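# Examining the three-dimensional arrangement
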Amino acid sequence: MRMMREKYGKECTICNRPFTVFRWCPGANMRYKKTEICQTCSKTKNVCQTCLLDLEYGLPVQVRDQALKMQDNIPRSDVNREYYQQNNEVALNKAGGQSSAAGKAPNEMLMKLARTTPYYKRNRPHICSFWVKGECKRGEECPYRHEMPTDPSDPLSNQNIKDRYYGVDDPVADKLLKRAADMPKLTPPTDKSITTIYVGGIDANIKEQDLKDSFYHYGEIRNINLVLKSGCAFINFASRDAAERAVQGAFNKLVIKGRRMKILWGKGQGAPSVRSADEEAKALPPVPGLPPTLPQPPAELLTHDFFGLAGAPTLPPPPGLVRPGMPVPFRMPVLPAPPGTIHYPSQDPQRLGTSKSKGADN
């Protein structure tokens, strides 16, 4: 990589003081990049001199300041800003170049939105204006991008360096804040007996003592079950309050030996409760699409013996089939067939012309 350095080659976009400008090309088919603000303004906000993103999380200043509740005390007028920058530069030199915006405690929202991989689209060349008008004659040798620009009404197309530095009216920050508001949150389970949390992302370098050192200050730990084969661990607390404090304090925040841990609630292992048949019938939801239960027949129909079945014995229903409050279905009785009675033609032995022999009676 080749870098060019020009001493006092440009005025700082924020404080208007001359500073040393660096210019370089990040890679093949990329555009040249250069520093936009001086080192003093960069250290004041702990941002990059080129992209003006936070050096720790890679996020816009507006998102970081809103998550950490930081107040912007930098004056806007020329005279007050010059006086402020001079005093701030002396304070930075005494502190060894460490900014007050750096070294803050980890924040849940910032760790969710932070990028874990490089974002190379930031280094792409600009759009070729001649190609948009249909007048570019360079073809593949053109160092600019041959793509149509975005909609002019898109707020992302109007970005200002000063607004990004001060964290005011930044469209990229507004987009990230809306994404953070739509992210799901880890809600505690309704079962109060669950006091176990799941910790994922564990490797062979993480020991049980490392987990104990990270969770002991939330409350008393009953036991720690480390499962290296699955790359996880289960931490059982003595109380539910301690488990909730641990989940709230470690969710998307816990980093052990350079690895970010995944925090989830454990599952309950209690025995299922025994319910009666009436409770099970009430608990089961109705199946859609099935017809309702048939009503009982009228009383006048029950008193008539249409089929001559009065007094005939019937089979009792199987045990447990009929529940209280359910209608009893109609059941056909079992009738004993009297000897010699013919109900159907197929039961008549003489129907086909046969005759009863005399030897049959003897």
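Below or above, wherever it landed, is the structure these notes cover.

Basis of the calculations
- Residues numbered from 1 in each chain as written.
- Predicted model: local features only at pLDDT ≥ 70, side-chain atom pairs only at ≥ 80, totals over all residues.
- Heavy atoms only, no water.
- Helix = DSSP H or I, 4+ residues; strand = E, 2+ residues; numbered from the N terminus.
- Buried < 20%, exposed > 50% of the residue type's maximum accessible area, 1.4 Å probe, protein only.
- Contact = heavy atoms within 4.5 Å.
- Areas by Shrake-Rupley, 256 points an atom, 1.4 Å probe, with all protein chains shown as cover.
- Salt bridge = Lys/Arg side-chain N within 4 Å of Asp/Glu carboxyl O.
- Pairing = 2+ DSSP bridges.
- Axes fitted to C-alpha atoms, helices over the stretch in contact; angles between N-to-C directions.
- Core = buried A, V, L, I, M, F, W, Y, C linked by side-chain atoms within 4.5 Å.
- Parallel < 35°, antiparallel > 145°, perpendicular 65-115°, else oblique.
- Nonpolar A, V, L, I, M, F, W, Y, C, P; charged D, E, K, R; others polar.
- Polar contact = N/O pair within 3.5 Å; in protein donor to acceptor, adjacent residues only side chain to side chain.
- Patch = residues over 30% accessible without salt bridge, like charges linked within 9 Å, V, L, I, M, F, W, Y side chains within 5 Å.
- Disulfide = S-S within 2.5 Å.

Looking only at helices and strands, one finds 12 helices and nine strands in the protein. Residues counted as buried form 27% of the 362 residues belonging to the protein. Long-range pairs, those at least 24 residues apart, make up 56% of the contacts in the protein with a sequence separation of at least 6. In the form shown here, the protein has an accessible surface area of approximately 26,000 Å², with 54% of it arising from carbon and sulfur atoms.

Counted according to the given criterion, the structure contains 10 salt bridges. The partner of Glu89 in a salt bridge is Arg17, and the shortest N-O contact between them spans 3.6 Å. Of this pair, Glu89 sits in helix α3 (residues 78-94) while Arg17 sits in the loop between β1 (3-11) and β2 (18-24), and the two are 72 residues apart along the sequence. By relative accessible area, which is 32% here, Glu89 ends up partly exposed. Given a relative accessible area of 18%, Arg17 falls into the buried group.

Quick look at the sheet that holds strand β5 (residues 221-227) now. Taken together, the four strands give an open sheet; going across it, the order is β5-β6-β4-β9, and neighbouring strands pair in antiparallel fashion. Of all strands in the sheet, those bounded by a partner on one side alone are β5 and β9 (262-265). Mean inter-strand twist for the sheet, computed between neighbouring axes without regard to direction, equals 20 degrees. Pairing of β5 with strand β6 (residues 232-237) involves six bridges; the strand directions are antiparallel. Across the sheet, the residue bridging to Val227 is Cys232, located in β6. Strand contacts of helix α8 (residues 208-215): β4 (196-200), β5, β6 and β9, with the helix running at about 140 degrees to β5, the strand carrying the most contacts. Along the sheet, helix α9 (residues 240-250) makes contact with β4, β6 and β9, crossing β9 at roughly 145 degrees.

Strands sit in the order β1-β2-β3 across an open sheet of three strands; the sheet is antiparallel. Of all the strands in the sheet, just β1 and β3 (33-34) have a single pairing partner and so form its edges. Strand direction decides the pairing type here: β2 and β3, joined by two bridges, are antiparallel. Within β3, the residue paired with Trp24 across the bridge is Lys33.

Moving on, we come to the nonpolar core. Membership of the largest hydrophobic core comes to 23 residues, with the highest contact counts inside it found for Leu211, Phe215, Phe237 and Ile263. Mapped by element, the contributors of at least two residues to this core are β4, α8, β6, α9 and β9. Ranked by residues supplied to this core, first place goes to α9 with five residues. In contact with Phe237, other than residues within four places in its own chain, are Thr195, Ile197, Phe215, Tyr218, Gly219, Glu220, Ile221, Arg222, Ala242, Ala243 and Ala246. Counting residues in hydrophobic clusters, the runner-up holds 14 residues, among them Ile14, Cys15, Val21 and Val47.

Glancing now at the packing of helix α2 (residues 61-68) against helix α7 (residues 171-181). It is the contact of α2 with α7, at a shortest axis distance of 8 Å, that shows an interaxial angle of 45 degrees. With respect to α7, the element α2 is oriented oblique. For the pair formed by α2 and α7, the contact residues are Gln62, Val63 and Gln66 on the first element and Ala173, Asp174, Leu176 and Leu177 on the second. Per-class residue counts for the contact of α2 with α7 are four nonpolar, two polar and one charged.

With that settled, the discussion passes to α7. Within α7, the full set of buried residues consists of Pro171, Ala173, Leu176, Leu177 and Ala180. Where α7 begins, the side chain of Asp170 points an oxygen toward the backbone nitrogen of Val172, at a separation of 3.3 Å.

There is a patch of nonpolar side chains on the surface, built from Trp131, Val132 and Met148 and spanning about 280 Å² of accessible area. By the secondary structure assignment, Trp131 is in helix α5 (residues 129-132). Residue class for Trp131 comes out partly exposed when judged on its relative accessible area of 32%.

Right, let's get into the state of the cysteines. One covalent bond between the sulfur atoms of two cysteine residues makes up a disulfide. Inspection of the entire model under this criterion finds zero disulfides. In this model Cys12 remains outside any disulfide bridge; the closest cysteine sulfur is found in Cys15, 3.6 Å from its own. Owing to a relative accessible area of 1%, Cys12 belongs among the buried residues under this scheme.

Right, let's get into α2. Three- or four-residue spacings in an α-helix give side chains the same orientation, since the helix completes a turn every 3.6 residues. For α2, the buried fraction is high: six of the eight residues fall into the buried class. Where α2 is concerned, the buried positions are Val61, Gln62, Val63, Arg64, Asp65 and Ala67. Where α2 ends, the next residue or the one after it, Lys69, has phi of about 55 degrees, a positive value.

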